[in-house]
Amino acid sequence: MATDFEPQIVGFLCRWCSYPGADLAGTSRITYPPSLRVIRVPCSGRVDPLFVLKAFQDGADGVMVLGCHPGDCHYVEGNYYTRRRYALMHRLLEYVGLEQERLFVEWISAAEGRRFAETVTAFTAQVRELGPWGREGKDGREGREGREGRKEGGNGGGRRREVS
Amino acid sequence: MIDKIRAKARELLESGQVHCFIGYEEGTRGKVRPAFIYEPQDADRLIWDERCTYNLVTYLHQFQSAPNPRPGGVRETPPPVGILVKPCDSRSLNVLFHEEQVEREGVYVVGLTCQGVKVNGQPQARCQRCAERVPLVYDLVLGGVPKTVGREDYADVVKLEGLSPGERLAFWTKEFDRCIRCYACRQACPACYCFECVAEQLDPPWMGIAIDLPQKQFFHVMRAYHLAGRCSGCNACEEACPMGIPLSLLNRKIAREVEALFGYKAGQDAQTPPPLATFKKEEELSL
(Lines give C-alpha, C1' and ligand atoms only; values in the text may rest on other atoms or scores of the structure.)
Protein backbone atom coordinates (compact mmCIF):
# COMPACT_ATOMS: atom_id res chain seq x y z
CA MET A 1 0.00 0.00 0.00
CA ALA A 2 1.29 3.44 -0.86
CA THR A 3 2.78 5.05 2.21
CA ASP A 4 1.86 8.60 1.19
CA PHE A 5 -1.80 7.68 1.07
CA GLU A 6 -3.92 9.99 3.15
CA PRO A 7 -7.50 8.81 3.48
CA GLN A 8 -10.45 11.06 2.89
CA ILE A 9 -13.01 10.55 5.60
CA VAL A 10 -16.47 12.00 5.73
CA GLY A 11 -17.81 12.55 9.22
CA PHE A 12 -21.44 13.17 10.04
CA LEU A 13 -21.47 14.83 13.44
CA CYS A 14 -24.52 15.41 15.53
CA ARG A 15 -25.08 19.07 16.28
CA TRP A 16 -25.63 18.57 20.01
CA CYS A 17 -22.92 16.18 21.15
CA SER A 18 -20.25 15.18 18.68
CA TYR A 19 -19.89 18.53 16.92
CA PRO A 20 -19.36 20.40 20.21
CA GLY A 21 -17.08 17.49 21.14
CA ALA A 22 -15.01 18.27 18.04
CA ASP A 23 -15.12 21.94 19.02
CA LEU A 24 -13.83 21.07 22.44
CA ALA A 25 -10.98 19.10 20.91
CA GLY A 26 -10.14 22.21 18.91
CA THR A 27 -10.35 24.70 21.76
CA SER A 28 -8.34 22.34 23.95
CA ARG A 29 -5.68 22.32 21.21
CA ILE A 30 -5.73 18.57 20.82
CA THR A 31 -4.51 17.62 17.37
CA TYR A 32 -6.20 15.06 15.17
CA PRO A 33 -5.60 14.16 11.52
CA PRO A 34 -6.92 16.56 8.88
CA SER A 35 -8.34 13.61 6.96
CA LEU A 36 -11.79 14.15 8.44
CA ARG A 37 -14.30 16.28 6.53
CA VAL A 38 -16.99 17.21 8.97
CA ILE A 39 -20.62 17.58 8.01
CA ARG A 40 -22.82 18.89 10.76
CA VAL A 41 -26.26 17.32 11.04
CA PRO A 42 -29.04 18.08 13.53
CA CYS A 43 -29.03 14.56 14.90
CA SER A 44 -27.36 11.27 14.08
CA GLY A 45 -30.88 10.14 13.25
CA ARG A 46 -30.74 12.56 10.33
CA VAL A 47 -27.98 10.55 8.71
CA ASP A 48 -29.88 8.61 6.11
CA PRO A 49 -27.87 5.50 5.14
CA LEU A 50 -28.11 7.02 1.67
CA PHE A 51 -25.65 9.71 2.78
CA VAL A 52 -23.13 7.02 3.59
CA LEU A 53 -23.67 5.27 0.28
CA LYS A 54 -23.32 8.55 -1.54
CA ALA A 55 -20.08 9.31 0.25
CA PHE A 56 -18.63 5.94 -0.74
CA GLN A 57 -19.94 6.28 -4.27
CA ASP A 58 -18.17 9.60 -4.65
CA GLY A 59 -14.89 8.21 -3.42
CA ALA A 60 -14.71 8.61 0.36
CA ASP A 61 -12.33 6.10 1.93
CA GLY A 62 -14.15 6.00 5.23
CA VAL A 63 -17.30 7.35 6.80
CA MET A 64 -17.91 8.21 10.45
CA VAL A 65 -21.29 8.74 12.01
CA LEU A 66 -21.00 10.27 15.44
CA GLY A 67 -23.90 11.03 17.74
CA CYS A 68 -24.95 11.41 21.33
CA HIS A 69 -24.77 8.49 23.70
CA PRO A 70 -27.97 6.45 23.78
CA GLY A 71 -30.29 8.13 26.24
CA ASP A 72 -28.69 11.55 25.73
CA CYS A 73 -30.27 12.44 22.41
CA HIS A 74 -31.48 16.02 22.22
CA TYR A 75 -34.53 14.72 20.40
CA VAL A 76 -34.93 11.96 23.00
CA GLU A 77 -34.82 8.98 20.69
CA GLY A 78 -33.06 9.85 17.42
CA ASN A 79 -29.94 7.85 18.08
CA TYR A 80 -31.85 4.70 18.95
CA TYR A 81 -33.04 4.63 15.35
CA THR A 82 -29.50 5.35 14.19
CA ARG A 83 -28.28 2.37 16.16
CA ARG A 84 -30.73 0.01 14.46
CA ARG A 85 -30.15 1.44 11.00
CA TYR A 86 -26.41 1.19 11.13
CA ALA A 87 -26.33 -2.22 12.74
CA LEU A 88 -28.06 -3.34 9.55
CA MET A 89 -26.13 -1.06 7.20
CA HIS A 90 -22.84 -2.38 8.51
CA ARG A 91 -23.80 -5.92 7.70
CA LEU A 92 -25.10 -5.01 4.27
CA LEU A 93 -22.02 -3.05 3.24
CA GLU A 94 -19.77 -5.80 4.49
CA TYR A 95 -21.77 -8.29 2.47
CA VAL A 96 -21.33 -6.39 -0.79
CA GLY A 97 -17.58 -6.29 -0.24
CA LEU A 98 -16.87 -3.07 1.59
CA GLU A 99 -14.60 -3.73 4.55
CA GLN A 100 -16.64 -3.13 7.67
CA GLU A 101 -13.79 -1.09 9.16
CA ARG A 102 -14.56 1.72 6.72
CA LEU A 103 -17.84 2.62 8.35
CA PHE A 104 -17.68 3.72 11.93
CA VAL A 105 -20.56 4.61 14.20
CA GLU A 106 -19.79 5.86 17.68
CA TRP A 107 -21.29 7.92 20.45
CA ILE A 108 -19.28 10.94 21.56
CA SER A 109 -20.60 13.54 23.95
CA ALA A 110 -19.90 17.29 24.00
CA ALA A 111 -17.54 16.79 26.93
CA GLU A 112 -15.40 14.17 25.22
CA GLY A 113 -13.00 16.34 23.22
CA ARG A 114 -10.04 14.13 23.88
CA ARG A 115 -11.98 11.00 23.08
CA PHE A 116 -13.11 12.60 19.82
CA ALA A 117 -9.53 13.28 18.78
CA GLU A 118 -8.45 9.79 19.75
CA THR A 119 -11.34 8.25 17.84
CA VAL A 120 -10.58 10.18 14.67
CA THR A 121 -6.88 9.36 14.94
CA ALA A 122 -7.57 5.68 15.43
CA PHE A 123 -10.10 5.55 12.61
CA THR A 124 -7.79 7.37 10.21
CA ALA A 125 -5.03 4.90 10.98
CA GLN A 126 -7.45 2.05 10.43
CA VAL A 127 -8.54 3.35 7.02
CA ARG A 128 -4.99 4.18 6.02
CA GLU A 129 -4.14 0.57 6.73
CA LEU A 130 -6.94 -0.60 4.44
CA GLY A 131 -5.85 1.67 1.63
CA PRO A 132 -7.97 3.60 -0.83
CA TRP A 133 -11.52 2.52 -1.45
CA GLY A 134 -12.60 1.70 -4.99
CA ARG A 135 -9.53 3.06 -6.68
CA GLU A 136 -6.44 1.48 -8.20
CA GLY A 137 -6.12 -2.15 -7.39
CA LYS A 138 -9.77 -2.60 -6.49
CA ASP A 139 -12.08 -2.40 -9.44
CA GLY A 140 -9.65 -0.31 -11.47
CA ARG A 141 -12.38 2.06 -12.58
CA GLU A 142 -12.51 4.79 -10.06
CA GLY A 143 -8.95 6.09 -9.97
CA ARG A 144 -7.96 9.16 -8.07
CA GLU A 145 -7.77 10.93 -11.43
CA GLY A 146 -11.40 10.05 -12.03
CA ARG A 147 -12.37 11.51 -8.74
CA GLU A 148 -10.34 14.66 -9.15
CA GLY A 149 -11.78 15.05 -12.65
CA ARG A 150 -15.27 14.76 -11.39
CA LYS A 151 -14.81 17.72 -9.12
CA GLU A 152 -14.74 19.94 -12.19
CA GLY A 153 -18.46 20.32 -12.60
CA GLY A 154 -18.98 16.61 -13.19
CA ASN A 155 -21.78 14.54 -11.89
CA GLY A 156 -22.98 16.30 -8.79
CA GLY A 157 -19.53 17.78 -8.25
CA GLY A 158 -19.04 21.35 -7.15
CA ARG A 159 -22.52 21.42 -5.82
CA ARG A 160 -22.72 22.80 -2.34
CA ARG A 161 -25.62 22.11 -0.17
CA GLU A 162 -26.19 22.16 3.49
CA VAL A 163 -27.70 19.10 4.98
CA SER A 164 -30.38 20.13 7.37
CA MET B 1 -60.04 -24.99 -9.19
CA ILE B 2 -60.00 -22.77 -12.27
CA ASP B 3 -63.79 -23.00 -12.44
CA LYS B 4 -64.06 -21.83 -8.85
CA ILE B 5 -61.79 -18.86 -9.52
CA ARG B 6 -63.77 -17.90 -12.63
CA ALA B 7 -67.10 -18.30 -10.83
CA LYS B 8 -65.93 -16.15 -7.93
CA ALA B 9 -64.55 -13.46 -10.24
CA ARG B 10 -67.78 -13.41 -12.22
CA GLU B 11 -69.85 -13.19 -9.06
CA LEU B 12 -67.76 -10.33 -7.68
CA LEU B 13 -67.96 -8.37 -10.93
CA GLU B 14 -71.67 -9.01 -11.45
CA SER B 15 -72.57 -7.93 -7.94
CA GLY B 16 -70.46 -4.82 -8.35
CA GLN B 17 -68.41 -5.73 -5.29
CA VAL B 18 -65.25 -5.08 -7.31
CA HIS B 19 -64.76 -3.07 -10.48
CA CYS B 20 -61.77 -5.07 -11.64
CA PHE B 21 -60.44 -8.52 -10.95
CA ILE B 22 -56.71 -9.12 -11.28
CA GLY B 23 -55.65 -12.66 -12.16
CA TYR B 24 -53.71 -14.64 -14.73
CA GLU B 25 -54.57 -15.46 -18.32
CA GLU B 26 -53.02 -17.44 -21.14
CA GLY B 27 -50.38 -15.34 -22.89
CA THR B 28 -48.42 -15.86 -26.05
CA ARG B 29 -45.83 -18.57 -26.66
CA GLY B 30 -47.05 -20.77 -23.83
CA LYS B 31 -46.56 -18.11 -21.21
CA VAL B 32 -48.92 -16.70 -18.65
CA ARG B 33 -49.62 -13.02 -18.26
CA PRO B 34 -51.51 -10.87 -15.77
CA ALA B 35 -55.15 -10.32 -16.66
CA PHE B 36 -57.32 -7.38 -15.69
CA ILE B 37 -60.95 -8.42 -15.92
CA TYR B 38 -63.55 -5.64 -15.97
CA GLU B 39 -66.57 -7.45 -17.46
CA PRO B 40 -68.21 -10.56 -15.96
CA GLN B 41 -68.23 -12.36 -19.33
CA ASP B 42 -64.43 -12.01 -19.53
CA ALA B 43 -63.95 -13.99 -16.33
CA ASP B 44 -63.54 -17.16 -18.39
CA ARG B 45 -60.15 -15.92 -19.52
CA LEU B 46 -58.77 -16.49 -16.03
CA ILE B 47 -56.50 -19.46 -15.44
CA TRP B 48 -54.39 -20.82 -12.62
CA ASP B 49 -51.54 -23.31 -12.83
CA GLU B 50 -47.92 -23.64 -11.84
CA ARG B 51 -46.78 -21.15 -14.49
CA CYS B 52 -48.51 -18.31 -12.62
CA THR B 53 -45.37 -16.91 -11.06
CA TYR B 54 -46.04 -13.16 -11.16
CA ASN B 55 -46.77 -11.25 -8.00
CA LEU B 56 -50.01 -9.46 -8.86
CA VAL B 57 -49.87 -7.31 -5.74
CA THR B 58 -47.57 -4.98 -7.70
CA TYR B 59 -50.53 -3.96 -9.86
CA LEU B 60 -52.54 -2.83 -6.86
CA HIS B 61 -50.51 0.39 -6.77
CA GLN B 62 -52.07 1.71 -9.93
CA PHE B 63 -55.56 0.99 -8.65
CA GLN B 64 -55.32 1.61 -4.98
CA SER B 65 -52.59 4.02 -4.07
CA ALA B 66 -53.49 7.64 -4.54
CA PRO B 67 -51.30 10.57 -3.48
CA ASN B 68 -52.24 12.10 -0.19
CA PRO B 69 -54.67 14.94 -0.68
CA ARG B 70 -53.62 18.52 -0.20
CA PRO B 71 -54.34 19.93 3.27
CA GLY B 72 -58.08 20.23 3.69
CA GLY B 73 -58.75 17.93 0.76
CA VAL B 74 -60.54 14.64 0.93
CA ARG B 75 -58.82 11.45 -0.03
CA GLU B 76 -60.83 9.79 -2.73
CA THR B 77 -61.63 6.18 -2.03
CA PRO B 78 -60.58 4.13 -5.04
CA PRO B 79 -63.13 1.56 -6.27
CA PRO B 80 -62.53 -1.91 -4.82
CA VAL B 81 -60.48 -4.50 -6.67
CA GLY B 82 -60.39 -8.28 -6.55
CA ILE B 83 -57.05 -10.04 -6.69
CA LEU B 84 -55.59 -13.54 -6.76
CA VAL B 85 -52.76 -14.09 -4.30
CA LYS B 86 -50.37 -16.93 -3.65
CA PRO B 87 -48.88 -17.30 -0.15
CA CYS B 88 -45.78 -15.28 -1.12
CA ASP B 89 -47.93 -12.54 -2.64
CA SER B 90 -50.02 -12.42 0.51
CA ARG B 91 -46.94 -11.39 2.47
CA SER B 92 -46.39 -8.47 0.09
CA LEU B 93 -50.02 -7.59 0.53
CA ASN B 94 -49.58 -7.49 4.30
CA VAL B 95 -46.68 -5.09 3.87
CA LEU B 96 -48.84 -2.77 1.76
CA PHE B 97 -51.71 -2.95 4.23
CA HIS B 98 -49.40 -2.10 7.07
CA GLU B 99 -47.84 0.80 5.23
CA GLU B 100 -51.32 2.07 4.44
CA GLN B 101 -50.71 1.99 0.71
CA VAL B 102 -53.76 -0.15 0.15
CA GLU B 103 -56.86 -0.28 2.28
CA ARG B 104 -58.01 -3.65 3.45
CA GLU B 105 -61.64 -2.82 2.62
CA GLY B 106 -60.65 -1.85 -0.92
CA VAL B 107 -59.40 -5.29 -1.86
CA TYR B 108 -61.18 -8.60 -2.15
CA VAL B 109 -58.43 -11.18 -1.72
CA VAL B 110 -58.88 -14.59 -3.28
CA GLY B 111 -56.11 -16.68 -1.73
CA LEU B 112 -54.72 -19.76 -3.40
CA THR B 113 -52.89 -22.55 -1.66
CA CYS B 114 -49.70 -23.21 -3.56
CA GLN B 115 -47.31 -26.09 -4.07
CA GLY B 116 -44.74 -23.90 -5.77
CA VAL B 117 -44.58 -22.35 -9.20
CA LYS B 118 -42.35 -23.05 -12.17
CA VAL B 119 -40.56 -20.76 -14.61
CA ASN B 120 -39.93 -22.34 -18.02
CA GLY B 121 -40.76 -25.71 -16.48
CA GLN B 122 -38.16 -25.32 -13.75
CA PRO B 123 -39.30 -25.41 -10.12
CA GLN B 124 -38.36 -22.19 -8.40
CA ALA B 125 -35.70 -22.20 -5.69
CA ARG B 126 -37.75 -19.74 -3.69
CA CYS B 127 -40.67 -22.18 -3.60
CA GLN B 128 -38.45 -24.86 -2.12
CA ARG B 129 -37.53 -22.35 0.58
CA CYS B 130 -41.09 -21.17 1.14
CA ALA B 131 -42.47 -22.13 4.52
CA GLU B 132 -46.03 -21.00 3.77
CA ARG B 133 -48.38 -22.91 1.56
CA VAL B 134 -51.54 -21.10 2.60
CA PRO B 135 -51.93 -17.31 2.19
CA LEU B 136 -51.62 -15.24 5.34
CA VAL B 137 -54.40 -12.86 4.40
CA TYR B 138 -57.49 -13.61 2.34
CA ASP B 139 -61.24 -13.23 2.12
CA LEU B 140 -61.66 -16.58 0.44
CA VAL B 141 -59.13 -19.37 0.13
CA LEU B 142 -59.26 -21.91 -2.68
CA GLY B 143 -57.37 -25.15 -3.13
CA GLY B 144 -56.61 -28.14 -0.96
CA VAL B 145 -54.25 -28.21 1.98
CA PRO B 146 -50.77 -28.75 0.55
CA LYS B 147 -48.59 -31.49 1.91
CA THR B 148 -45.03 -30.27 1.62
CA VAL B 149 -43.55 -27.25 3.31
CA GLY B 150 -40.21 -25.76 2.34
CA ARG B 151 -37.43 -24.63 4.60
CA GLU B 152 -35.14 -21.61 4.37
CA ASP B 153 -31.55 -22.37 5.32
CA TYR B 154 -29.82 -19.44 3.56
CA ALA B 155 -27.16 -21.85 2.30
CA ASP B 156 -26.14 -19.63 -0.64
CA VAL B 157 -26.04 -16.51 1.52
CA VAL B 158 -23.85 -18.24 4.09
CA LYS B 159 -21.54 -19.45 1.34
CA LEU B 160 -21.08 -15.90 0.08
CA GLU B 161 -20.55 -14.62 3.62
CA GLY B 162 -17.69 -17.08 4.00
CA LEU B 163 -15.63 -15.34 1.32
CA SER B 164 -13.12 -12.59 2.06
CA PRO B 165 -14.21 -8.95 1.53
CA GLY B 166 -12.10 -8.78 -1.63
CA GLU B 167 -13.73 -11.88 -3.09
CA ARG B 168 -17.18 -10.63 -2.21
CA LEU B 169 -16.43 -7.30 -3.81
CA ALA B 170 -15.24 -9.08 -6.94
CA PHE B 171 -18.39 -11.19 -6.96
CA TRP B 172 -20.75 -8.26 -6.60
CA THR B 173 -18.75 -6.09 -8.98
CA LYS B 174 -19.16 -8.76 -11.63
CA GLU B 175 -22.89 -9.03 -10.93
CA PHE B 176 -23.62 -5.32 -10.68
CA ASP B 177 -21.53 -4.55 -13.72
CA ARG B 178 -24.05 -6.39 -15.88
CA CYS B 179 -26.87 -4.12 -14.70
CA ILE B 180 -28.26 -1.98 -17.49
CA ARG B 181 -30.26 0.22 -15.14
CA CYS B 182 -33.57 -0.70 -16.73
CA TYR B 183 -35.24 -0.67 -13.28
CA ALA B 184 -37.28 -3.77 -14.11
CA CYS B 185 -36.54 -5.04 -10.59
CA ARG B 186 -38.04 -1.92 -9.10
CA GLN B 187 -41.08 -1.94 -11.36
CA ALA B 188 -41.82 -5.58 -10.58
CA CYS B 189 -41.42 -5.08 -6.84
CA PRO B 190 -44.65 -4.78 -4.85
CA ALA B 191 -42.83 -2.88 -2.09
CA CYS B 192 -41.31 -0.27 -4.46
CA TYR B 193 -44.13 2.20 -4.77
CA CYS B 194 -42.50 5.62 -4.28
CA PHE B 195 -43.88 8.18 -6.68
CA GLU B 196 -40.39 9.50 -7.11
CA CYS B 197 -37.62 6.98 -6.70
CA VAL B 198 -34.23 7.97 -5.30
CA ALA B 199 -32.76 6.61 -8.52
CA GLU B 200 -34.52 9.31 -10.51
CA GLN B 201 -34.36 12.21 -8.11
CA LEU B 202 -32.55 15.13 -9.65
CA ASP B 203 -32.55 17.37 -6.63
CA PRO B 204 -30.47 16.25 -4.86
CA PRO B 205 -28.89 14.05 -7.53
CA TRP B 206 -28.36 11.00 -5.36
CA MET B 207 -27.31 8.50 -7.90
CA GLY B 208 -25.91 10.22 -10.97
CA ILE B 209 -27.02 9.43 -14.49
CA ALA B 210 -23.98 7.54 -15.71
CA ILE B 211 -24.42 3.83 -16.39
CA ASP B 212 -21.26 3.15 -14.50
CA LEU B 213 -20.26 0.83 -11.73
CA PRO B 214 -20.50 3.29 -8.79
CA GLN B 215 -24.04 4.23 -9.84
CA LYS B 216 -25.07 0.62 -10.28
CA GLN B 217 -23.62 -0.36 -6.92
CA PHE B 218 -25.39 2.57 -5.35
CA PHE B 219 -28.70 1.64 -6.93
CA HIS B 220 -28.67 -1.98 -5.84
CA VAL B 221 -27.41 -1.36 -2.32
CA MET B 222 -29.89 1.49 -1.92
CA ARG B 223 -32.77 -0.65 -3.11
CA ALA B 224 -31.77 -3.54 -0.90
CA TYR B 225 -31.63 -1.25 2.10
CA HIS B 226 -34.95 0.37 1.32
CA LEU B 227 -36.46 -3.10 1.31
CA ALA B 228 -34.99 -3.95 4.70
CA GLY B 229 -37.72 -5.51 6.80
CA ARG B 230 -40.18 -5.05 3.92
CA CYS B 231 -39.08 -7.55 1.31
CA SER B 232 -41.34 -10.57 1.50
CA GLY B 233 -39.11 -12.71 -0.71
CA CYS B 234 -41.48 -13.03 -3.67
CA ASN B 235 -38.44 -12.79 -5.93
CA ALA B 236 -40.30 -10.79 -8.57
CA CYS B 237 -37.19 -8.57 -8.97
CA GLU B 238 -34.89 -11.41 -9.83
CA GLU B 239 -37.38 -12.95 -12.23
CA ALA B 240 -37.83 -9.60 -13.95
CA CYS B 241 -34.10 -8.93 -14.32
CA PRO B 242 -33.08 -9.30 -17.97
CA MET B 243 -29.43 -9.66 -16.98
CA GLY B 244 -29.91 -12.39 -14.40
CA ILE B 245 -28.47 -10.52 -11.42
CA PRO B 246 -29.00 -12.63 -8.26
CA LEU B 247 -30.96 -10.01 -6.34
CA SER B 248 -32.42 -12.61 -4.00
CA LEU B 249 -28.95 -13.06 -2.53
CA LEU B 250 -29.01 -9.41 -1.52
CA ASN B 251 -32.59 -9.28 -0.29
CA ARG B 252 -32.40 -12.51 1.64
CA LYS B 253 -29.21 -11.43 3.34
CA ILE B 254 -31.06 -8.42 4.71
CA ALA B 255 -34.09 -10.51 5.63
CA ARG B 256 -31.81 -12.86 7.51
CA GLU B 257 -30.07 -10.05 9.39
CA VAL B 258 -33.36 -8.37 10.21
CA GLU B 259 -34.64 -11.60 11.66
CA ALA B 260 -31.44 -12.23 13.60
CA LEU B 261 -31.11 -8.66 14.94
CA PHE B 262 -34.70 -7.65 15.49
CA GLY B 263 -36.67 -10.91 15.35
CA TYR B 264 -38.86 -9.60 12.56
CA LYS B 265 -40.14 -11.24 9.42
CA ALA B 266 -41.74 -9.10 6.75
CA GLY B 267 -45.37 -9.55 5.88
CA GLN B 268 -46.39 -11.95 8.62
CA ASP B 269 -49.16 -9.63 9.74
CA ALA B 270 -50.24 -6.05 9.23
CA GLN B 271 -49.78 -4.88 12.83
CA THR B 272 -46.23 -5.45 14.09
CA PRO B 273 -44.23 -2.23 13.68
CA PRO B 274 -41.39 -2.62 11.15
CA PRO B 275 -37.92 -3.00 12.67
CA LEU B 276 -36.41 0.28 11.51
CA ALA B 277 -39.39 2.36 12.61
CA THR B 278 -39.15 1.24 16.19
CA PHE B 279 -36.47 0.51 18.77
CA LYS B 280 -35.77 -0.92 22.18
CA LYS B 281 -33.80 1.20 24.60
CA GLU B 282 -31.93 -1.71 26.03
CA GLU B 283 -30.59 -3.67 23.12
CA GLU B 284 -27.08 -4.69 22.32
CA LEU B 285 -26.31 -4.09 18.67
CA SER B 286 -22.73 -4.31 17.54
CA LEU B 287 -21.92 -1.37 15.32
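See the structure shown above.
Residues numbered from 1 in each chain as written. Chains lettered and ligands numbered in written order. Predicted model: local features only at pLDDT ≥ 70, side-chain atom pairs only at ≥ 80, totals over all residues. Heavy atoms only, no water.

A. Representation of unusual backbone geometry in the model. Going from Asp203 of chain B to Pro204 of chain B, the amide bond is cis rather than trans, its omega being 0°. Within the secondary structure layout, Pro204 of chain B lies in the loop between helix 7 (184-188) and helix 8 (213-226). Within the chain, Arg29 of chain A stands out as a residue other than glycine whose phi angle is a positive 60°. Mapped onto the fold, Arg29 of chain A is located in the loop between helix 1 (18-27) and strand 2 (36-41). (Helix = DSSP H or I, 4+ residues; strand = E, 2+ residues; numbered from the N terminus.)

B. Expanded view of the environment of Pro40 of chain B. Residues and elements named next belong to chain B. For Pro40, the position within the fold is in the loop between strand 2 (32-37) and strand 3 (46-47). When the C-alpha positions of Pro40 and Leu13 are compared, they lie 5.5 Å apart, and in sequence the two are 27 residues distant. Each residue touching Pro40, except ones within four places of it in the same chain, is listed here: Arg10, Leu13 and Glu14. (Contact = heavy atoms within 4.5 Å.)

C. Structural detail: the packing of helix 6 (residues 165-177) of chain B against helix 8 of chain B. Residue and element names in this part refer to chain B. Helix 8 packs onto helix 6 with a crossing angle of 100° between their chain directions and a minimal axis gap of 9 Å. In this view, helix 6 runs roughly perpendicular relative to helix 8, as classed from their interaxial angle. Listed contacts from helix 8 to Leu169, Thr173, Phe176 and Asp177 of helix 6 are Leu213, Lys216, Gln217 and His220. For the contact of helix 6 with helix 8, the class distribution of residues is three nonpolar, three polar and two charged. (Axes fitted to C-alpha atoms, helices over the stretch in contact; angles between N-to-C directions. Parallel < 35°, antiparallel > 145°, perpendicular 65-115°, else oblique. Nonpolar A, V, L, I, M, F, W, Y, C, P; charged D, E, K, R; others polar.)

D. Structural detail: the packing of aromatic side chains. In this structure the tally under the stated criterion is 14 aromatic pairs over all chains. A ring pair is formed by Tyr32 of chain A and Phe116 of chain A, whose centres lie 5.1 Å apart and whose planes are at 90°; its orientation type is edge-to-face. One end of the pair, Tyr32 of chain A, is in the loop between helix 1 and strand 2; the other, Phe116 of chain A, is in helix 4 (residues 113-130), and 84 residues separate them in sequence. What makes Tyr32 of chain A partly exposed here is its relative accessible area of 29%. Taking relative accessible area as the criterion, Phe116 of chain A reaches 0% and is therefore assigned buried. When the ring of Phe36 of chain B is compared with that of Tyr59 of chain B, the centres are 5.3 Å apart and the planes differ by 85°; the resulting orientation is edge-to-face. Here Phe36 of chain B is found in strand 2, whereas its partner Tyr59 of chain B is found in the loop between strand 3 and helix 2 (60-64), with 23 residues between them in sequence. Ring pairing ties together the aromatic residues Tyr95 of chain A together with Phe171, Trp172 and Phe176 of chain B, which thus form one cluster. Against the face of Trp16 of chain A rests Arg15 of chain A, its NZ or CZ located 4.2 Å from the ring centre. Taking the ring centre of Tyr19 of chain A as reference, the NZ or CZ of Arg40 of chain A above it sits at 5.3 Å. (Phe/Tyr/Trp six-rings, centres within 6.5 Å; stacked < 30°, edge-to-face > 60°. Buried < 20%, exposed > 50% of the residue type's maximum accessible area, 1.4 Å probe, protein only. Lys NZ or Arg CZ within 6 Å of the ring centre and 35° of its normal.)

Function cannot be read off these values alone, since they describe shape.
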